[in-house]
Amino acid sequence: MAFRRRTKSYPLFSQEFVIHNHADIGFCLVLCVLIGLMFEVTAKTAFLFILPQYNISVPTADSETVHYHYGPKDLVTILFYIFITIILHAVVQEYILDEGYLTNPRSLWEDYPHVHLPFQVKFFYLCQLAYWLHALPELYFQKVRKEEIPRQLQYICLYLVHIAGAYLLNLSRLGLILLLLQYSTEFLFHTARLFYFADENNEKLFSAWAAVFGVTRLFILTLAVLAIGFGLARMENQAFDPEKGNFNTLFCRLCVLLLVCAAQAWLMWRFIHSQLRHWREYWNEQSAKRRVPATPRLPARLIKRESGYHENGVVKAENGTSPRTKKLKSP
């Protein structure tokens, strides 16, 4: 995949937009309904786009091996991943190479408040809010189990609070970078799940995701402290002015930092707890396989056999006579 710096700005995407809360909320609700309807209709055919088709299970000596052959349904899967590649290319081109948020970290807090947004940035935030809002009623439509609902609600609310906070507090640049880091980790995790569904013995990508997950937490905390704790704290326009979109006060900065740090600490704690549980289950399973149950030996009992042989349950002598001693008649 080749990236290049864009030298020409297109009129449609060079326009800047101002955040209007009422109109944005209405648009998010409409978009949320449309996404929910589309997801409900296409839920049964989602695997056609995501997973490879035409799988064959070949039995082996130990288990089964899954192989694939080609067919016309492969065109649908290729088309889906073409769109994924285009979106990833556009995100990297726009937010890393052209706008320079990672190459120039000072741009994350310079000229705050960032009230005027490019079209693609505003549309990105609206789509994000619509997607995570639509996930709430989807818990009912998808008939999620009751024990899974609290975990799903925590996951959805965590995204909603961070995305809405970055959008409403005019921290859109910092929010884009943090979302890019988070979604990169999520993308690796779901890729590992796809490979695991295709072959249960393929778990190498989960190890790579575990390493990237911890590094991502460190990067998110570093960028948040750098931009909010040091960058915004040294700016001159430290005032609370909602009309101008300025929320650069000590109280707001502390609230944002506490929210980000608490969320990352909570995610890291859940990750460590989950990893320890999986390792414990793995070692218990391995130890159970290695432990061979010893078969108890029964003590050998001495059996006193009578001379002769058995025939129909009657003991007979070797010469055919009865083994019992005869009584001698007295004269």
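Conventions adopted
Residue positions are given per chain, counting from 1 as you read along its sequence in written order. In view of the model being predicted, local features appear only for residues whose pLDDT reaches at least 70, and side-chain atom pairs are presented and counted only at 80 or more, with totals across whole chains, interfaces and linings using the full set of residues. Think of the side-chain values as coming from all heavy atoms in the structure, minus any hydrogens and water. The helix count covers DSSP runs of H or I at least four residues long, the strand count covers runs of E at least two residues long, and both are numbered beginning at the N terminus. Residue burial is assigned from relative accessible area. The probe radius is 1.4 Å, only protein chains are included, and a residue is buried under 20% of its type maximum, exposed over 50%, and partly exposed in between. In this description, contact between two residues means that some pair of their heavy atoms is separated by no more than 4.5 Å. For accessible areas, the Shrake-Rupley method is used with a probe of radius 1.4 Å. Any residue's cover is judged against the shown protein chains and nothing else. In the sections that follow, a salt bridge refers to a side-chain nitrogen of Lys or Arg positioned within 4 Å of a carboxyl oxygen of Asp or Glu. Note on aromatic contacts: the rings of Phe and Tyr and the six-membered ring of Trp form a pair at centre separations within 6.5 Å, being stacked when their planes are under 30 degrees apart, edge-to-face when over 60 apart, and tilted otherwise. For a ring to carry a charge above it, either NZ of a lysine or CZ of an arginine must fall within 6 Å of the ring centroid while also lying within 35 degrees of the normal to the ring plane. One confidence number per residue, pLDDT, is output by the predictor and ranges from 0 to 100. Axis lines are fitted through C-alpha atoms, for helices just across the contact stretch, and the angle between N-to-C directions can take any value from 0 to 180 degrees. Here roughly perpendicular refers to angles of 65 to 115 degrees, roughly parallel to angles under 35, roughly antiparallel to angles over 145, and oblique to all remaining angles. Each crossing is labelled by how the near helix is turned from the far one, with a counterclockwise turn of less than a right angle marking it left-handed and a clockwise turn marking it right-handed. Note that Gly is not counted as nonpolar here; it falls among the polar residues with everything else outside the nonpolar set of Ala, Val, Leu, Ile, Met, Phe, Trp, Tyr, Cys and Pro and the charged set of Asp, Glu, Lys and Arg. We define a nonpolar core as any set of buried Ala, Val, Leu, Ile, Met, Phe, Trp, Tyr and Cys residues linked to one another through side-chain atoms lying within 4.5 Å.

### Structural notes on the overall build of the chain
In terms of regular secondary structure, the chain is built from 9 helices and 8 strands. Residues classed as buried in the chain amount to 27% of the 331 residues present. A separation threshold of at least 6 residues defines the contact pool for the chain, and within that pool the share at least 24 residues apart is 70%. Per element, the accessible surface of the chain, about 24200 Å² overall, is 65% carbon and sulfur.

### Some remarks on the pattern of salt bridges
Here the structure, examined in full by the defined rule, presents 4 salt bridges. Notably, a salt bridge pairs E110 with R106, separated by 3.2 Å at the nearest N-O pair. The structure contains a network of salt bridges with shared partners spanning R145, E147, E148 and R151.

### What to know about unusual backbone geometry
Between Y112 and P113 the backbone carries a cis peptide bond, its omega angle lying at 5°. Secondary-structure assignment places P113 in the loop between α4 (74–98) and β4 (116–118). Of note, D111 is a non-glycine position whose phi angle comes to about 60°, a positive value. Within the fold, D111 resides in the loop between α4 and β4. With phi around 60°, N170 is a residue other than glycine that occupies positive phi space. Among the secondary structure elements, N170 is positioned in the loop between α6 (149–168) and α7 (172–198). With a relative accessible area of 5%, N170 lands in the buried category.

### Let's talk about the packing of aromatic side chains
Counting across every chain of the model gives 16 aromatic pairs. Both rings, one in Y131 and one in W132, keep their centres 5.0 Å apart while their planes meet at 80°; by these two values the pair is edge-to-face. You can call Y131 partly exposed: its relative accessible area is 41%. A centroid spacing of 5.5 Å and a plane angle of 55° characterise the contact between W209 and F213, whose relative ring orientation is tilted. Within this pair, W209 and its partner F213 are both found in helix α8 (residues 204–231), separated by 4 residues, close to a single helical turn. The exposure class assigned to W209 is buried, which follows from its relative accessible area of 13%. Put simply, the rings of F189, Y196, F197, F206, W209, F213 and F271 pair up and form one aromatic cluster. The residue whose ring lies beneath R217 is F213, and the NZ or CZ to ring-centre distance is 4.3 Å.

### A few points about the confidence of the model for the chain
Atomic detail in the predicted coordinates should be set aside for any region of low pLDDT. The share of residues in the chain with pLDDT of 70 or more is 69%, and the mean pLDDT across the chain is 76. Ranking the helices and strands of the chain by mean pLDDT puts α6 first, with 91, and helix α1 (residues 11–14) last, with 37. Low pLDDT, under 50, characterises residues 309–315; the predicted model gives this stretch 10 contacts beyond four residues in sequence or across chains. Confidence drops under a pLDDT of 50 for residues 326–331, and excluding neighbours within four residues, the segment shows 0 contacts in the predicted structure.

### Regarding the packing of helix α5 (residues 119–141) against α6
The N-to-C vectors of α5 and α6 enclose an angle of 155°; their axes lie 10 Å apart at closest approach. Judged by the inter-axis angle, α5 sits roughly antiparallel to α6. As α5 runs across α6, the sense of the crossing is left-handed. Across the interface between the two elements, K122, Y125, L126, Q128, L129, W132, L133, A135, L136 and L139 of α5 pack against Q152, L153, Y155, I156, Y159, L160, I163, A164, A166 and Y167 of α6. Along the lines of polarity and charge, the residues of the contact of α5 with α6 split into 17 nonpolar, 2 polar and 1 charged.

### A few points about the nonpolar core
One finds L108, W109, Y112, L174, L223, I228 and L232 to be the most contacted residues of the largest nonpolar core, which totals 19 residues. No other element matches the 5 residues that α8 contributes to this core. If we skip the residues at most four places from it in the chain, Y112 touches L169, N170, L171, L232, M235, N237, G245, N246, F247 and N248. Within the second largest apolar cluster, 17 residues are counted, among which are L126, L129, Y167 and L179.

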